[in-house]
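Listed here are the chains, written in short residue letters.
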Amino acid sequence: MATSTALSTTEAQRRRARRLTGEVLASWLFLLPAGLLLLAFVFYPLFYLLYVSLLHWNLIGRARFVGLANYSSLLQSVYFWQAVWNTVWMTAGTLVITLPLAFFTAQFVHLELNRRLSGLYRSAAFAPYVFPLVASGVVWNLMLQKQGIANWALSLLHLAGPHWLSQGVWPLVSIILVTTWQFFGYYTVIFLSGLQGVPPTLYEAAAIDGASAWTRLTRITLPMISPTLFFATVILVLQGFQTFTQAYVMTSGGPNGATTTLVYYLYQEAFQFFNIGRAGAVSVMLLILLVAITLVQFWLSRRWVNYDQL
Amino acid sequence: MVNSIEPLRHVLSVPPHFLPLHPEVGPYAGAWNSAPFGLFYLNTLFMASAIVLGQLVTSTLAAYALTWLRIPGRQAVFFLILIGLMVPEQLTVVPVFLEMRTLGWINSYQGLIVPFLGSAFGIFLLRQSFLQIPLPLIEAAKVDGASRLQILTRVILPNSKSALITLAILNFIWHYNDFFWPLIITNTNHYRTLAVGLSMFFQSGSGLTPWNQLMAADVFIAVPLFLLFFLGQRYLVQGVMTSGIK
């Protein structure tokens with residue numbers, strides 16, 4: 001009797017063990033397709049990239065190992081630094097225009113419009129986000145022509161419009177405008193969802209205390225949606241550093257490299273000049289920049305982002 | 001919009017007019033005929049649909065394994081996927097291009113599609129949704145003797161419809177609009193997509209830019225997107241609000 005119970009326990013254990021290995025096997029099997037694809041096209045390329053950045057290679061001839069030469073020549077290149085600063089200014093410009101605009105629009109929609117209207121507004125604001133960036137670039141290119149709509153509107157205000165796409169800082173400004181137009185609705189929608197998460201009781205309490213609109217904004221709204229603001233900032237900066245399409249379609253990075261972004265520079269090095277190793281080094285620098293900026297943002301966020309939600 | 005049905009000489013008139021003065025369909029026909037936009041349409045729809053289908057399958061399987069099956073080192077795997085989520089396409093373009101070159105996939109449908117079949121974002125989004133399914137539902141199916149695949153297709157998928165639709169719509173729009181990778185991986189019209197075709201059409205013009213035809217091309221590129229947008233708006237906004245990536 002005793003032996004038979006002992007036997008059946010081990011039998012049960014064995015069966016459980018078998019089921020477990022079966023399950024482990026099955027789960028690895030399920031993970032396999034996605035895992036292999038991500039390995040091949042996301043993770044392995046990151047390491048391959050490091051290697052490529054140490055080569056001198058034009059795709060046709062033999063690759064030559066040159067150590068850090070690509071990096072040192074990049075750091076001494078005027079064009080590289082121009083691309084870095086263009087990208088920084090473009091991203092900063094988009095940030096300071098888009099986020100406040102989106103925030104106050106969201107605030108207005110949230111407070112002043114009824115449900116139906118705000119739903120309608122949300123759809124309208126979101127529409128540019130699904131419009132192809134290439135197509136936006138073409139339309140804006142038309143509007144920003146010397147005789148385009150933008151300058152006509154300015155002439156109504158008795159202002160002389162610039163040559164938007166070819167003069168001074170205006171090409172950079174034009175790209176910031178297009179980027180803002182394209183993504184502003186997206187951030188409005190994100191902020192709207194943040195605002196909807198603030199409990200109305202907080203405002204009611206503030207109203208009883210006689211708090212002004214400014215106090216309500218700085219003491220309740222901003223702290224309460226600071227995680228959303230932080231998230232939007234991180235995403236916008238990441239996106240800003242990847243700007244390519246606008247520069248390609250609207251200005252071809254010009255005039256004289258005035259709108260060459262880092263990714264556009266990378267594209268030129270890799271696919272126009274076939275300096276594969278140099279392009280690899282640009283990618284690595286971009287990666288380092290992105291990681292550094294994101295880390296700094298997270299570090300700074302401890303000072304202003306409030307996660308003690310109600 | 002207005003400019004797409006105007007003769008060229010009226011497009012850049014001062015002051016501008018907001019209603020067409022001389023409507024005509026010429027620019028549409030002109031644009032359609034001056035580049036193989038029919039082919040670009042087919043290429044784009046095929047590419048975007050294939051990527052969406054592929055991602056749905058691979059992401060579903062992976063997300064299922066990561067939520068409901070026992071995997072040694074599950075946390076580590078999930079952490080890796082979170083890292084993958086943060087690697088932008090632009091960073092890996094050079095090495096992936098070199099991989100495609102080795103495989104002989106430059107200027108091919110494989111080159112357009114295969115690099116995007118696995119998606120960290122897809123796994124992440126579906127995992128969030130799968131976690132919402134109550135455990136007793138899964139336990140009950142197990143007691144009834146359902147196999148793992150049956151649990152997936154009969155219990156999990158029907159309960160995650162909205163996440164699946166969200167992923168499909170978002171992905172379709174991203175890849176329909178994607179410009180960077182199709183620009184790099186294609187070099188003949190045979191495989192070009194609408195976005196690339198439009199930019200080529202835009203930049204090929206010598207002398208007078210055919211603005212009216214360009215606007216016409218813009219309109220017919222946007223039509224499928226806006227249809228999708230109006231049909232799937234609820235999911236789109238939801239998707240952006242819950243995940244907010246890209």
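Look above for the structure.
Residues numbered from 1 in each chain as written. Chains lettered and ligands numbered in written order. Predicted model: local features only at pLDDT ≥ 70, side-chain atom pairs only at ≥ 80, totals over all residues. Heavy atoms only, no water.

(A) The arrangement of unusual backbone geometry in detail. All names here are of chain A. Backbone geometry places serine 252, a non-glycine residue, at a positive phi of 50 degrees. Tracing the backbone shows serine 252 in the loop between α11 (245-251) and α12 (262-271). Positive phi, normally seen in glycine, also occurs at asparagine 256, with a value near 55 degrees. The topology assignment puts asparagine 256 in the loop between α11 and α12. (Helix = DSSP H or I, 4+ residues; strand = E, 2+ residues; numbered from the N terminus.)

(B) Looking closely at helix α10 (residues 226-240) of chain A. Residues and elements named next belong to chain A. An ideal rise of 1.5 Å per residue puts 21 Å on 15 residues; α10 measures up with 21 Å between its terminal C-alpha atoms. Ser226, Thr228, Leu229, Phe230, Ala232, Thr233, Val234, Ile235, Leu236, Val237 and Gly240 are the residues of α10 that are buried. Residues of α10 that are buried sit in contact with α3 (78-112), α7 (170-196), α9 (213-224) and α13 (276-304). (Expected span 1.5 Å × (residues − 1). Buried < 20%, exposed > 50% of the residue type's maximum accessible area, 1.4 Å probe, protein only. Contact = heavy atoms within 4.5 Å.)

(C) Here's a closer look at the interface of chain B and chain A. The interface of chain B with chain A comprises 77 residues on the first partner and 70 residues on the second. Inspection of the region where chain B meets chain A yields 0 salt bridges. The tally of links between chain B and chain A comes to 3 residue pairs in polar contact (both at pLDDT 80 or more). Considering every element that reaches the side of chain B that touches chain A, the biggest residue donor is helix α13 (residues 211-242) of chain B, with 14 residues. Taken together, the residues of the side of chain B that touches chain A sort by class into 58 nonpolar, 13 polar and 6 charged. (Salt bridge = Lys/Arg side-chain N within 4 Å of Asp/Glu carboxyl O. Polar contact = N/O pair within 3.5 Å; in protein donor to acceptor, adjacent residues only side chain to side chain. Nonpolar A, V, L, I, M, F, W, Y, C, P; charged D, E, K, R; others polar.)

(D) Here's a closer look at the pattern of salt bridges. Residues and elements named next belong to chain A. Here the structure, examined in full by the defined rule, presents 1 salt bridge over all chains. Across the salt bridge formed by glutamate 269 and arginine 278, the nearest N and O atoms sit 3.3 Å from each other. Arginine 278 carries the same exposure label as glutamate 269, and that label is buried.

(E) Broad picture of the side chain of threonine 91 of chain A. Residue and element names in this part refer to chain A. Secondary-structure assignment places threonine 91 in helix α3. Its relative accessible area of 5% is what places threonine 91 among the buried residues. Aside from chain neighbours lying at most four places away, what touches threonine 91 is Leu236, Val237, Gly240 and Phe241.

(F) Summary view of the packing of aromatic side chains. Tallied over the entire structure, the rule returns 34 aromatic pairs over all chains. Geometrically, the ring pair formed by tyrosine 129 of chain A and tyrosine 186 of chain A is stacked, given 4.8 Å between the ring centres and 15 degrees between the ring planes. With tyrosine 129 of chain A in helix α4 (residues 115-130) and tyrosine 186 of chain A in helix α7, this pair connects stretches of sequence that are 57 residues apart. As far as the burial class goes, tyrosine 129 of chain A and tyrosine 186 of chain A line up, both buried. Pairing phenylalanine 244 of chain A with phenylalanine 180 of chain B gives two aromatic rings, centres 4.5 Å apart and planes at 65 degrees, and the pair type is edge-to-face. Taken together, the residues phenylalanine 244 of chain A in the loop between α10 and α11 and phenylalanine 180 of chain B in helix α11 (residues 180-185) connect one chain to another. The exposure class of phenylalanine 244 of chain A is buried, given its relative accessible area of 2%. It is arginine 303 of chain A that lies over the ring of tryptophan 299 of chain A; its NZ or CZ is 4.9 Å from the centre. (Phe/Tyr/Trp six-rings, centres within 6.5 Å; stacked < 30°, edge-to-face > 60°. Lys NZ or Arg CZ within 6 Å of the ring centre and 35° of its normal.)

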